[in-house]
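A structural walkthrough
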Amino acid sequence: MEKLKKLFGGVDLTWKKLILFAIASGIITAIFAILPQLKYTSFNAITTTMEVWIFIGIFIIMNSKSNMDSALKCFVFFLISQPLVYLLQVPFSYLGWELFQYYKYWFIWTVLCLPMGYIGYYMKKDTWWGYLILFPMILLTAIGYRTYLYYFTFYCPKYILISLFCIGAMILYPNVIFNNKKIKIVGSIISILLIVGITILVLLNPCVYSTEIMANVDGNPITKDYKVSLKDSKYGTVSIQYIDSIDLYLVHADFKKNGDTELIVETPEGKIKEYNLHIEMDTYTLEEK
């Protein structure tokens, strides 16, 4: 723990080091975003949500020399790293320069780094109101934990690293930022309660991708007399459902896990049709065998 405390307050964070750190962070994050092999993994998480960036922001604040130094260093770090992430993706994205439309969200947070960095420096005062400054960052990390644990239930064992990172960060922050034992204890208890509560809620309500995947077989509309099943039930369930809004019967799926299986359809005449089915959390592909 002492080595971690040194990381949050014992680093000589010069402007040169900060700029190099910002460039390196932007390049690494862009690589994580570009490589298709890293999609739907913990490594890709840093490209879309804030948990790791919060960690970096707190690192910068705790190693700054004043409120203004903290505000400016947080602002400059994100002003360099975030546009660089998008710039390096441009040649590899079908959106091209239009990719920068998504930078607006991060630019708003970059501007907010000025007041957040300034106020955040007061965490170094080792007071209860310093913990109140930290608490919103713990809540944002808790929200990230809920998101990635939810993804983990669908992609197990993927997303385990970012889920564990969120758990570790929530417990780590009060213990390395503050010296006051009461703040450490109360902060740790609050973080643990958040972790336990979120874990229970997610495990009781795991990720399910519900969608309609088929309307006809060989050009013939599906009727209630068709029978459907998945070759491996661990991927979820399928059924024939009538949709009032379009007055049709469709194959409805509740997917519970990503991967590859087969959809088996039996017509009223007893003919069996098999389809290769690839499942992701928000999409699928279906191809007749």
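Here is a short report on the structure shown in this document.

Here we come to the packing of aromatic side chains. On inspection of all chains with the given rule, the structure shows 27 aromatic pairs. Chaining the aromatic ring pairs together yields one cluster made of Tyr-40, Tyr-148, Tyr-151, Phe-154, Tyr-155 and Tyr-159. We note Lys-73 situated over the ring of Trp-15; from NZ or CZ to the ring centre the distance is 5.7 Å. The aromatic ring of Tyr-150 is capped on one face by Arg-146, whose charged end is 4.8 Å from the ring centroid.

Bringing helix H9 (residues 181–204) into the picture now. Here H9 contains 24 residues, and its C-alpha end-to-end distance of 34 Å stays within 8% of the 34 Å for a straight helix at 1.5 Å per residue. Restricting attention to buried positions, one finds in H9 the residues Ile-183, Gly-187, Ser-188, Ser-191, Ile-195, Ile-198, Thr-199 and Val-202. Buried residues along H9 sit against helix H7 (128–155) and helix H8 (160–177). Near the N-terminus of H9, the side chain that reaches the backbone nitrogen of Lys-182, with its oxygen 2.9 Å away, is that of Asn-180.

Spatially, 4 strands are ordered E4-E7-E8-E9 in an open sheet, and the strand pairing comes out antiparallel. Strands at the two margins of the open sheet, each flanked by one partner only, are strand E4 (227–230) and strand E9 (284–288). Neighbouring strand axes in the sheet, compared pairwise and without regard to direction, differ in orientation by 25 degrees on average. Pairing of E4 with strand E7 (residues 259–266) involves 4 bridges; the strand directions are antiparallel. By the bridge assignment, Val-228 is partnered in E7 with Val-265.

Below, the discussion takes up the sheet that holds strand E1 (residues 209–214). Strand order across the open sheet formed by 3 strands is E1-E6-E5, with antiparallel pairing between neighbours. Of all strands in the sheet, those with a lone pairing partner are E1 and strand E5 (236–243), marking the two edges. On average, adjacent strands in this sheet sit at an angle of 35 degrees to one another, irrespective of strand direction. Pairing between E1 and strand E6 (residues 248–255): 5 bridges, direction antiparallel. Following the sheet pairing, Ser-210 is matched in E6 by Asp-254.

Looking now at H7. End to end, H7 covers 39 Å across 28 residues, agreeing with the expected 40 Å (1.5 Å per residue, within 8%). At Leu-134, H7 shows its largest bend, some 30 degrees, and a proline, Pro-136, comes one to four positions later.

Once that is clear, we can look at the pattern of salt bridges. Under the definition given, this model contains 8 salt bridges. Note that Lys-273 is salt-bridged to Asp-218, the shortest N-O span being 3.1 Å. Note that Lys-273 is positioned in strand E8 (residues 272–279) and Asp-218 in the loop between strand E2 (216–217) and strand E3 (220–221), a separation of 55 residues in sequence. Among the residues examined, Lys-273 registers a relative accessible area of 9% and is labelled buried. Using a relative accessible area of 43% as the deciding quantity, one classes Asp-218 as partly exposed. The partner of Lys-273 in a salt bridge is Glu-288, and the shortest N-O contact between them spans 2.4 Å. Of this pair, Lys-273 sits in strand E8 while Glu-288 sits in strand E9, placing them 15 residues apart in sequence. The exposure class assigned to Glu-288 is partly exposed, which follows from its relative accessible area of 42%. Via salt bridges that share partners, Asp-218, Lys-271, Lys-273 and Glu-288 belong to a single interconnected network.

Reading guide: rules and limits
- Residues numbered from 1 in each chain as written.
- Predicted model: local features only at pLDDT ≥ 70, side-chain atom pairs only at ≥ 80, totals over all residues.
- Heavy atoms only, no water.
- Phe/Tyr/Trp six-rings, centres within 6.5 Å; stacked < 30°, edge-to-face > 60°.
- Lys NZ or Arg CZ within 6 Å of the ring centre and 35° of its normal.
- Helix = DSSP H or I, 4+ residues; strand = E, 2+ residues; numbered from the N terminus.
- Expected span 1.5 Å × (residues − 1).
- Buried < 20%, exposed > 50% of the residue type's maximum accessible area, 1.4 Å probe, protein only.
- Contact = heavy atoms within 4.5 Å.
- Polar contact = N/O pair within 3.5 Å; in protein donor to acceptor, adjacent residues only side chain to side chain.
- Pairing = 2+ DSSP bridges.
- Axes fitted to C-alpha atoms, helices over the stretch in contact; angles between N-to-C directions.
- Bend = angle between axes of the 7 residues up to and from the residue.
- Salt bridge = Lys/Arg side-chain N within 4 Å of Asp/Glu carboxyl O.

Note that all results are geometric; they support no functional claim without further evidence.
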